[in-house]
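Structure at a glance
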Amino acid sequence: MDIKKTPLTDAHRALGAKMGPFAGYDMPIQYEGILAEHKAVRTKCGIFDVSHMGHCLTSDPGISRILSRPLDKISLGKSCYMLIMNPDGGIIDDCIAYRMKDDLWHIVLNASRKEIDVAALGNVTPRFELAMIALQGPEAISLAGELCPRRGFATNVNVLGVDVTLVARTGYTGEDGYEFVLPAESAGLLWKKLMDNGAAPCGLGVRDLLRIEAGLPLYGMDISEETDPYETGLAFAVDLDRPEGSFLAREALLRRKDGPRRRAGLKLPKGAVPRHDYPVADASGRTVGKVTSGTFSPLLDCGIALALVEKSSRPNAVRIRGTDCIAEEVALPFYRSPGRKKA
């Protein structure tokens, strides 16, 4: 399969980024290093190329039949996190929808699923040619200005002298910030302007670390068509209070609501780093689940994991290369930005 490029791929290479394949694209994995980039986002601000993500437009609220929330309940100028569902109650993808007009929604899709999502949704117009840059961190708003309210967005905005199609107060790091959607030919200029104003370029390596600290799921790791919203901690994104027949997954979700599994957050001692698919055990050594996402958190100075475990179990350890490493179950998220607590 031919590797794809984003409008910023050449800029990443010129800056010396370590590159690698992700979702079929040649993407920056890291620049200065994951620890330095983590510090930048948690204390100042960083920028991410997320132009590999998918975009589509729709004027058909009827596609809500496979969405976990109805589009027409989103307020004008607001965004909403939701799930694309299959009839069995499994998750085809997670996405964010923005209500642009009374009869127009912009939906952002995961890179690895965007073609599948468009086929599943049906009456949508793909806009895969658009670029997208995320600006995240406690200094993001002071750098770019107060462009829109939390969970809101603005259209046709001038950002540091660059015309941006959509500015959304959303992100994937647990920090405040923006996601800028703009024409591909303008992406390089905005990227440079953001860097010139103090934003650190960041790669997908630290993006994964940041989202795990924030307890945010990744498709293919924490959620899939084999998982449902209840066992993955995403019940908040499900609206079952709809007319009969208007939501294809409704009956399946009612059956799965009291399923046998649940999501758990685990902390491990320093030196023990959990990874995807590592077994999770209880105090007796019995396997009760598995890690879905794991990493070392420099903020907490220990290993952390999102796990899918038996609902009634008490996870006590993560099995790493044959050794059960003691783990403590903790409330999620592992980290919440002080600035976001005030929202």
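Up top you'll find the structure we're talking about.
Rules and cut-offs
- Counting restarts for each chain: residues are numbered from 1 in the order of the written sequence.
- At least 70 in pLDDT is required for a residue's local features to be given in this predicted model, at least 80 for side-chain atom pairs to be given and counted, and no such filter applies to totals for whole chains, interfaces and linings, which use all residues.
- In computing side-chain properties, one takes all heavy atoms of the structure into account and sets aside hydrogens as well as water.
- For two strands to be treated as a pair, DSSP must find at least two bridges joining them.
- Helix and strand assignments come from DSSP, with helices taken as H or I runs of at least 4 residues and strands as E runs of at least 2, each series counted from the N terminus.
- Interaxial angle, 0 to 180 degrees, is taken between N-to-C directions of lines fitted to C-alpha atoms, where a helix line uses only the stretch in contact.
- Residue contacts follow a heavy-atom distance rule, with two residues in contact if any of their heavy atoms lie within 4.5 Å.
- Salt bridge, as applied in this entry: a Lys or Arg side-chain nitrogen positioned within 4 Å of an Asp or Glu carboxyl oxygen.
- Classification of residues uses two cut-offs on accessible area relative to the type maximum, computed with a 1.4 Å probe and protein chains only: under 20% is buried, over 50% is exposed, and between them is partly exposed.
- The criterion is simple. A nonpolar core is a set of buried Ala, Val, Leu, Ile, Met, Phe, Trp, Tyr and Cys residues joined through side-chain atoms within 4.5 Å.

**Some details on the sheet that holds strand S19 (residues 323–326)**
Strands sit in the order S19-S18-S15-S16-S17-S14-S20 across an open sheet of seven strands; the sheet is antiparallel. Whereas interior strands pair on both sides, the edge strands pair on one side only; in this sheet they are S19 and strand S20 (328–330). Neighbour-to-neighbour, the strand axes of the sheet open up by a mean angle of 40°, direction not taken into account. As judged from the two bridges shared by strand S15 (residues 279–281) and strand S18 (residues 317–320), these two strands associate in the antiparallel manner. Considered in S18, the bridge of Val 280 is made with Val 318. On top of the sheet, helix H6 (residues 204–213) reaches strand S16 (287–297) and strand S17 (302–310); it is set at about 125° to S16, its chief contact.

**Some details on unusual backbone geometry**
Note that the residue after Leu 332, namely Pro 333, is joined by a cis bond; omega there is 0°. Mapped onto the fold, Pro 333 is located in the loop between S20 and helix H8 (338–341). Phi is positive for Ala 23, which is not a glycine, with a value near 50°. Structurally, Ala 23 is set in the loop between strand S1 (18–22) and strand S2 (25–30). The phi dihedral of Asp 277 is positive, around 80°, even though this residue is not glycine.

**Considerations on the pattern of salt bridges**
Considering all chains together, one arrives at 23 salt bridges under this definition. Linking Asp 222 and Arg 211 is a salt bridge whose minimum nitrogen-to-oxygen distance equals 2.8 Å. On the criterion of sequence distance, the pair formed by Asp 222 in the loop between H6 and helix H7 (250–256) and Arg 211 in helix H6 is long-range, its members being eleven residues apart. Given a relative accessible area of 8%, Asp 222 falls into the buried group.

**A short note on the environment of Ser 312**
Looking at the element boundaries, Ser 312 is found in the loop between S17 and S18. For Ser 312, a relative accessible area of 71% gives the class exposed. Taking C-alpha positions, Ser 312 is 25 Å from Arg 250, a pair spaced 62 residues apart along the chain.

**Some points on the sheet that holds strand S9 (residues 131–136)**
Note on sheets: strands pair through backbone hydrogen bonds, and any given pair is parallel or antiparallel. Reading across the sheet, the six strands line up as S10-S11-S12-S9-S3-S13 and stay open at both edges, with mixed pairing between neighbours. Whereas interior strands pair on both sides, the edge strands pair on one side only; in this sheet they are strand S10 (153–159) and strand S13 (200–202). Neighbour-to-neighbour, the strand axes of this sheet turn through a mean angle of 30°, independent of strand direction. Inspection of the sheet shows S10 paired to strand S11 (residues 162–168) by six bridges, in the antiparallel sense. Note that in S11 the partner of Thr 155 across the bridge is Leu 166. Across the face of the sheet, helix H2 (residues 34–43) comes into contact with strand S3 (46–49), S9 and S13 while running at roughly 120° to S13. Sheet strands in contact with helix H5 (residues 184–196) are S3, S9, S10, S11, strand S12 (177–182) and S13, and its direction is about 20° off that of S9.

**A look at the nonpolar core**
In this structure, Leu 135, Val 167, Tyr 178, Phe 180, Leu 190 and Leu 194 are the most contacted members of the largest nonpolar core, which totals 28 residues. Beyond its immediate chain neighbours, meaning those up to four positions away, Leu 135 contacts Cys 45, Gly 46, Ile 47, Ala 140, Leu 143, Ala 144, Asp 176, Gly 177, Tyr 178, Phe 180, Leu 194 and Ala 199. Core analysis: the next-biggest nonpolar cluster, separate from the first, contains 18 residues, Cys 80, Ala 97, Ile 107 and Val 124 among them.

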